[in-house]
Each structure stands twice: as C-alpha cells, then as structure tokens.
Amino acid sequence: SQQGEEDPQALSIQEGENATMNCSYKTSINNLQWYRQNSGRGLVHLILIRSNEREKHSGRLRVTLDTSKKSSSLLITASRAADTASYFCATDRTGANSKLTFGKGITLSVRP
Amino acid sequence: DAEITQSPRHKITETGRQVTLACHQTWNHNNMFWYRQDLGHGLRLIHYSYGVQDTNKGEVSDGYSVSRSNTEDLPLTLESAASSQTSVYFCASSESVRASLTGELFFGEGSRLTVL
C-alpha cells in the first residue's frame, strides 16, 4: 500500500506563480523526501527533511513537515516552464531500513 | 562523474520469455533497488540489496529475481514474462547511512518493457 499520498493529483499554473503540493502519510517516519521526474526520465532528488525538522529551503523550494498531522508540503516559488514535471514524495518509514515508499505523484504543468 | 545506467532502455518481448534488465552504478553504493512505475500506482519496490550477496523481496516481487555478485551491478530477471509485467522499470542506489536512516536515491533513466 502507498505510504505517501500526494495532493492534488494534477496542478496547472501560470509561469511566475507559486505551486504548492501536499503529501500525507500514515506511519511514523525518519525523514521525508521529494523527487522530480521529467517526462521519460528517471527521478531526481530535490530535498530531504528529517522528522525533527519543520521547514527546509533549497533555492526556490520550501518544504514543511508536520509530524503531528503526518503531512508535508512542497512549495515552488516563482515557477518556470522548466518546472513542468511530476513530483513525488517518498517516506523513510521508521524501521524500514533504508527503503523509501513513494506516493503516486503530482503532475505539475507550468504555462509560459 | 559517478552515474547509474540501465540497459536496455526499451525492450519488447513475448509472454513466457526470460528477460534480464541490467543496472550498473559507479557510485560505490551498497544499497540498490528496483522499482516499477505504472500509471495509477506510482513507484513500487520489487527487490533490493544492501550489499554483495544480499537480496530482499519488495512489495511486488512475484515473478522477478535479482542477484548481487558485486557492488556495481543488480540485474533484474523476469523468469517468464507476463503481460502484467509491462511497465517502466527503475533502478536506484543509495549510500548506507545508519540503518535507521535513508539517504537520497540516485535513479537510472529507466527501462521500458513491453510484454506481448
């Protein structure tokens, strides 16, 4: 069963707008990671947030983690057409021993 | 530069045939994983390995096998291909952090397999 569930499933925004994507999970985690996948390509790691962290930034990316609500959000600010991709959250569940469980992904389209 | 490569990138085969997908990484990572990606299911873990001679079943391992004879390679074998195994397969690797913590995964570009 999927551990991470992303929301929304698809998002379409205008270039320059911010994109917010959410991920909910069910069990306790060590960390949560976000990945991007361009069409026809492999997944690329974006950012990792540990269970004892609440917010993390990397360039135009901002990730938050609320372990009490078992949820995370990924914010992409000032989106660009090149941000068009699928985004996945992946959870490192406590006791899973180096295995990540991925959600089904969010398709982001950024219109020029 | 270190990398992870998969081959073939595309393959068409017939039901019942044995197929092997190759995965080679030059990161010197102990951990290697095989996922399949299907519409509506996201990525699902097939098999994984924490080091040479170590292999483990993931959530969708039926019909698949792996072997780990060296650090760099984790080939995935479909013993008797079925149409349900038509999918895109991704290999990934990661460093061994402490057992309770998972680092980032480095993915290959994928192998698209069609079973007719």
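Residues numbered from 1 in each chain as written. Chains lettered and ligands numbered in written order. Predicted model: local features only at pLDDT ≥ 70, side-chain atom pairs only at ≥ 80, totals over all residues. Heavy atoms only, no water.

**Q** Can you walk me through the environment of Lys11(B) in this structure?
**A** Tracing the backbone shows Lys11(B) in strand β2 (residues 10–13). Placed 62 residues apart in sequence, Lys11(B) and Asp73(B) show a C-alpha to C-alpha distance of 19 Å. (Helix = DSSP H or I, 4+ residues; strand = E, 2+ residues; numbered from the N terminus.)

**Q** For this particular structure, what's the right way to read the packing of aromatic side chains?
**A** If you walk through the whole model with that rule in mind, you get 11 aromatic pairs over all chains. Seen in terms of ring centroids, Phe102(A) and Tyr35(B) are 5.3 Å apart; in terms of plane orientation they differ by 85°. Their pairing is edge-to-face. Of this pair, Phe102(A) sits in strand β10 (residues 101–102) while Tyr35(B) sits in strand β4 (residues 31–38), on two different chains. Exposure remark for Phe102(A): the relative accessible area of 0% places this residue in the buried category. Centroid distance Trp27(B) to Phe106(B): 4.2 Å. Interplanar angle 35°. Geometry classified as tilted. Here Trp27(B), found in the loop between β3 (19–25) and β4, pairs with Phe106(B), found in strand β10 (residues 106–107); they are 79 residues apart in sequence, far enough to count as distant. By the ring-pair criterion, three or more aromatic residues cluster together here, those being Tyr35(A), Phe102(A), Phe33(B), Tyr35(B), Tyr48(B), Tyr50(B), Phe90(B) and Phe107(B). (Phe/Tyr/Trp six-rings, centres within 6.5 Å; stacked < 30°, edge-to-face > 60°. Buried < 20%, exposed > 50% of the residue type's maximum accessible area, 1.4 Å probe, protein only.)

**Q** What's the story with the pattern of salt bridges in this structure? I'm lost.
**A** Any two side chains of opposite charge can pair, given that their charged atoms come close. One pass over the structure, following the stated rule, counts six salt bridges over all chains. In this structure, Arg41(A) and Glu109(B) form a salt bridge, with 2.5 Å as the shortest nitrogen-oxygen distance. Within this pair, whereas Arg41(A) is found in the loop between β4 (29–37) and β5 (43–50), its partner Glu109(B) is found in the loop between β10 and β11 (111–115), the two belonging to separate chains. Looking at Arg41(A), the relative accessible area reads 44%, which means it is partly exposed. Owing to a relative accessible area of 28%, Glu109(B) belongs among the partly exposed residues under this scheme. With a shortest N-O distance of 3.5 Å, Arg17(B) and Glu14(B) are connected by a salt bridge. Given the relative accessible area of 49%, Arg17(B) is considered partly exposed. Judged by its relative accessible area of 46%, Glu14(B) falls in the partly exposed class. Several salt bridges share partner residues, and in doing so they unite Arg36(B), Asp38(B) and Arg44(B) into one network. (Salt bridge = Lys/Arg side-chain N within 4 Å of Asp/Glu carboxyl O.)

**Q** Looking at this structure, how should I read the state of the cysteines?
**A** Throughout this description, disulfide means a covalent bond between two cysteine sulfur atoms. Evaluation of the coordinates by the stated rule reveals two disulfides over all chains. At a sulfur-sulfur separation of 2.0 Å, the disulfide partner of Cys23(A) is Cys89(A). Across the S-S bond linking Cys23(A) and Cys89(A), the dihedral sits near 60°, which makes this disulfide right-handed. Of the two residues, Cys23(A) is situated in strand β3 (residues 19–24) and Cys89(A) in strand β9 (residues 85–93); the sequence distance between them amounts to 66 residues. Neither residue differs from the other here; Cys23(A) and Cys89(A) are each classed as buried. Covalent S-S linkage joins Cys23(B) and Cys91(B), the inter-sulfur distance amounting to 1.9 Å. Here the S-S torsion is close to -75°, and the disulfide linking Cys23(B) with Cys91(B) is therefore left-handed. Highlighted residues: Cys23(B) in strand β3 and Cys91(B) in strand β9 (residues 87–94), separated in sequence by 68 residues. Given the relative accessible area of 2%, Cys23(B) is considered buried. Classification of Cys91(B) by relative accessible area gives buried; the value is 0%. (Disulfide = S-S within 2.5 Å.)

**Q** Just checking my understanding: could you explain unusual backbone geometry for this structure?
**A** Excluding glycine, most residues fall at negative phi; most peptide bonds, likewise, are trans. Put simply, Asp7(A) and Pro8(A) share a cis peptide bond, and its omega is -5°. Looking at where Pro8(A) falls in the secondary structure, it is placed in the loop between β1 (5–7) and β2 (10–14). Despite not being glycine, Ala78(A) has its phi angle at roughly 45°, a positive value. Turning to its location among the elements, Ala78(A) is positioned in the loop between β8 (71–76) and β9. Even without a glycine there, the phi angle at Asn28(B) is positive, about 65°. By the secondary structure assignment, Asn28(B) is in the loop between β3 and β4.

So far we have only geometry, and geometry alone does not tell us how the molecule works.
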